[in-house]
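# Structural description and commentary
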Amino acid sequence: MLQHGPLLERLLAGDFICQITDEDAYRHLSNEQTQQDINHYLRPLNRRLVSNDDNTVFFLGYHELNKAAREQLSSQFSLTVQSLLPLLEWLQLVQETLGRDSALTAGDTIKLQEFVLRTEDNQSLRQRLNQLASDRFFNSQSEQLDNQVKLIFRRLKEHGYLLQPHQDRQYYVVTGKIDYLIDVIRFIRDEEQLPVDDTPSQEALL
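This structure is a prediction, so every number in the text was calculated from the model and none was measured.

### Some words on the overall build of the chain
Scanning the chain from terminus to terminus reveals nine helices and six strands. Residue burial in the chain is summarised as follows: out of 206 residues, 40% are buried. Once local pairs closer than 6 in sequence are excluded, the contacts in the chain between residues at least 24 apart make up 50%. Surface accessibility of the chain: about 11800 Å² in total, with carbon and sulfur atoms responsible for 44%.

### Side note on the pairing of strand E3 (residues 57-62)
Of all six residues that make up E3, six are buried, and the element is covered over most of its length. The two faces of E3 match: Val-57, Phe-59 and Gly-61 on one face and Phe-58, Leu-60 and Tyr-62 on the other face are all buried. Looking at chain direction, strand E1 (residues 17-18) and E3 are connected through two bridges and run antiparallel. From the neighbouring strand, Cys-18 faces E3, where its bridge partner is Val-57.

### Observations regarding the pattern of salt bridges
Inspection of the entire model under this criterion finds 10 salt bridges. The salt bridge partner of Arg-118 is Glu-114, with a shortest N-O separation of 3.1 Å. With Arg-118 and Glu-114 both in helix H5 (residues 112-120) and four residues apart, the pair spans about one turn of that helix. Residue Glu-158 pairs with Arg-155 through a salt bridge whose shortest N-O separation is 3.8 Å. One end of the pair, Glu-158, and the other, Arg-155, are both in helix H7 (residues 145-158), three residues apart, so they sit about a helical turn from each other. Through salt bridges with shared partners, a single network forms among Arg-10, Asp-15 and Asp-22.

Thresholds applied
Every chain's residues receive numbers from 1 upward, in the order its sequence appears when written. Per-residue local features of the predicted model are confined to residues with pLDDT of at least 70, and side-chain atom pairs are confined, for both listing and counting, to 80 or more; whole-chain, interface and lining totals are unaffected and use all residues. Heavy atoms from the whole structure form the basis of all side-chain values; hydrogens and water molecules are not counted. Secondary structure counts use DSSP, requiring at least four H or I residues in a row for a helix and at least two E residues in a row for a strand, with both numbered from the N terminus. Burial classes follow relative accessibility: with a 1.4 Å probe on protein chains only, a residue under 20% of its type's maximum area counts as buried, one over 50% as exposed, and anything between as partly exposed. Note on contacts: a residue pair is in contact if any heavy atoms of the two residues lie within 4.5 Å. For the accessible areas, the method is Shrake-Rupley and the probe is 1.4 Å, while residue cover comes only from the protein chains on display. Pairs of strands are assigned from DSSP output, requiring at least two bridges between the strands. Any carboxyl oxygen of Asp or Glu within 4 Å of a side-chain nitrogen of Lys or Arg constitutes a salt bridge here.

Structural data, given as structure tokens:
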């Protein structure tokens, strides 16, 4: 199990591993024998390796939903719900601003300057972006569009939804954690009846 040590540490720390964030680790986790080895090691910890429906991202789940696991999941779920609406609004905003026909998915590229220029030319999009940037999840104190956009994208990078391949180039690649997020949104909408509106734009997104 030593060969999987660094990978296990990342997973236990809460990392989401996809082909974008770490192609080599993703390939290892896609191997059935590796999955069995990792799950065998994790069993005493009541954890197991799981992936989203499309197998684009790997992360850890619980093996059995005992009391401790339920309490931890409840805490994580509360945090997810708090960030859910601003993230959903950001997904919609990107889709509308860049004229995309479908929701973002792992591997998609977003050019920051293109997003800024298109938002500048549309008063409605600017107002929505301003409101989004001031949400406590992003917590922007600036009224400048360029600064707001940079902060939003930086926060999304910090949370693992975006990857910036080159620090000196302002473009970002969507990671598999976005696919996980959309699965969570769909689950909440369909199963938990939490406040995800059934507006036409959200229906198209999901």
